[in-house]
Every structure is written in structure tokens, then in C-alpha cells.
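Now for the letters of each chain:
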Amino acid sequence: MEILLDLTKNCIQTAIKRKYNQRISEYFKSNPADNTEIIESEISLLKEALEKLDFSHLRSTYPELQGGGTDKITIAENTENNMTISINDRIIHATHKVYKLL
């Protein structure tokens, strides 16, 4: 599964939030007879991204993720069920947040 993100006006974090909200809306508007499995999978991936990615690191490391460009940005789940981000079909290292134990 691969989800295309629109970063023409927003950064990656905002684009993922918007796509997540869009998919949630589509899910609740869908007909029970519709195949909602794809929407559910996309919602799950987008939620995981919002919870686990270090967006400030991604924006500072990859200027294309700051928004305002025309690059093709996708978020996907590979065959090992790992989240990947690609910029113009080049997979980048999607750093996850690091939590400190107190």
C-alpha cells in the first residue's frame, strides 16, 4: 500500500494529518457494502506515522518535506510491514521519535 501526499502548500506532518482526516471522513461516509479494508489500512498507517515519526528531524534533514515543492512524496508499508517514506521514488530513512525514560 502506498499513499501519495500533497506537499505543495504544507509540510509532511500537516499533509499526513489532512490525509488522515480525509480518510476518516471517507470511512464514515462509506456504504457498508463498499470495500472499507483499504481505507482502514490507510488510516492505520497514517495514524502510526503521526504517532511515531520525528517530523522536525525529517523536515530539517530533507528540505523536500518542508512543503511548497512539487516533489512526489509517498508514505507506504513495505512487505515486512515497516513504514517507508519516499521522495521522488527514493526511499529515505524515516526516523522515529526517541522517547527518554525518566
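Preceding block: the structure.
**Details of the pairing of strand E3 (residues 83–87)**
Most of E3 sits out of view: five of its five residues are buried. Judged by which residues are buried, E3 turns out to be covered on both faces: Met83, Ile85 and Ile87 on one side and Thr84 and Ser86 on the other are all buried. Taken together, the five bridges between strand E2 (residues 73–77) and E3 define a ladder with antiparallel strand orientation. Counterpart to Ala76 in the pairing with E3 is Thr84. Hairpin connection from E2 to E3: five residues lie between these consecutive antiparallel strands, with Asn81 at a positive phi of about 65 degrees.

**A closer look at the nonpolar core**
Generally speaking, soluble globular proteins have nonpolar side chains that are buried together. Within the largest apolar cluster, 24 residues are counted, with the highest numbers of intra-cluster contacts made by Leu5, Ile16, Leu53, Leu65, Ile75 and Ile85. For this core, the elements supplying multiple residues, two or more each, are strand E1 (2–5), helix H1 (12–29), helix H2 (37–52), helix H3 (55–61), E2 and E3. When residues of this core are assigned to their parent elements, the largest contribution, five residues, is made by H2. Leave out the neighbours within four places in its chain, and Ile75 touches Met1, Glu2, Ile3, Leu5, Ile16, Leu45, Leu46, Ala49, Met83, Thr84 and Ile85.

Thresholds, definitions, all that
Residues numbered from 1 in each chain as written. Predicted model: local features only at pLDDT ≥ 70, side-chain atom pairs only at ≥ 80, totals over all residues. Heavy atoms only, no water. Buried < 20%, exposed > 50% of the residue type's maximum accessible area, 1.4 Å probe, protein only. Helix = DSSP H or I, 4+ residues; strand = E, 2+ residues; numbered from the N terminus. Pairing = 2+ DSSP bridges. Core = buried A, V, L, I, M, F, W, Y, C linked by side-chain atoms within 4.5 Å. Contact = heavy atoms within 4.5 Å.

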